[in-house]
Amino acid sequence: MSSFDQIGQVLGAYCDGIYSGNVEQLRSAFHPGAILWGEVKGQPYRRPLDEYLTVVRDRESPQARGESY
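Remember, predicted model here, so these are calculated numbers, not experimental data.

*Asks:* Looking at this model, I keep getting lost on the overall build of the chain. Mind explaining?
*Replies:* Along the backbone of the chain there are three helices and two strands. Across the chain, helices and strands are ordered from the amino to the carboxyl terminus as α-α-β-β-α. Projected onto its principal axes, the C-alpha positions of the chain cover 40 × 30 × 20 Å. In the chain, which comprises 69 residues, the proportion classed as buried is 22%. Taking the contacts inside the chain whose residues are at least 6 apart along the sequence as the reference set, 39% of them involve residues at least 24 apart. For the chain, the computed accessible surface area is about 5,100 Å², with 54% contributed by carbon and sulfur atoms. Taking the 7 positively charged and 9 negatively charged side chains of the chain as two groups, their mean positions are separated by 6 Å.

*Asks:* Would you explain the packing of aromatic side chains in this entry?
*Replies:* Two numbers describe a pair of aromatic rings. These are the distance of the centres and the angle of the planes. Enumeration according to the criterion identifies three aromatic pairs in this entry. For the ring pair Y14 and F30, a centre distance of 6.0 Å and an interplane angle of 75° mean the geometry is edge-to-face. One end of the pair, Y14, is in helix α1 (residues 3-20); the other, F30, is in the loop between α2 (23-27) and β1 (35-40), and 16 residues separate them in sequence. In this structure Y14 comes out as partly exposed when scored by relative accessible area, which is 31%.

Conventions adopted
Residues numbered from 1 in each chain as written. Predicted model: local features only at pLDDT ≥ 70, side-chain atom pairs only at ≥ 80, totals over all residues. Heavy atoms only, no water. Helix = DSSP H or I, 4+ residues; strand = E, 2+ residues; numbered from the N terminus. Buried < 20%, exposed > 50% of the residue type's maximum accessible area, 1.4 Å probe, protein only. Contact = heavy atoms within 4.5 Å. Areas by Shrake-Rupley, 256 points an atom, 1.4 Å probe, with all protein chains shown as cover. Lys, Arg positive; Asp, Glu negative; His and termini not counted. Charge placed at Lys NZ, Arg CZ, Asp CG, Glu CD. Phe/Tyr/Trp six-rings, centres within 6.5 Å; stacked < 30°, edge-to-face > 60°.

See the structure below:
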């Protein structure tokens, strides 16, 4: 598999996992020691991967809300 294909596979796992709320699929897109930085409603956050995945698991996924992919 080419590097290009590998990158596409990781991005697909991320996008599919975040949309469906499948945290194991989402986990596969990250290094185990990843720390995620971002902003939610104007507030910055910094979370280790396991904490981030807990938030994703406990929220209603975009798919469950009927949002388009």
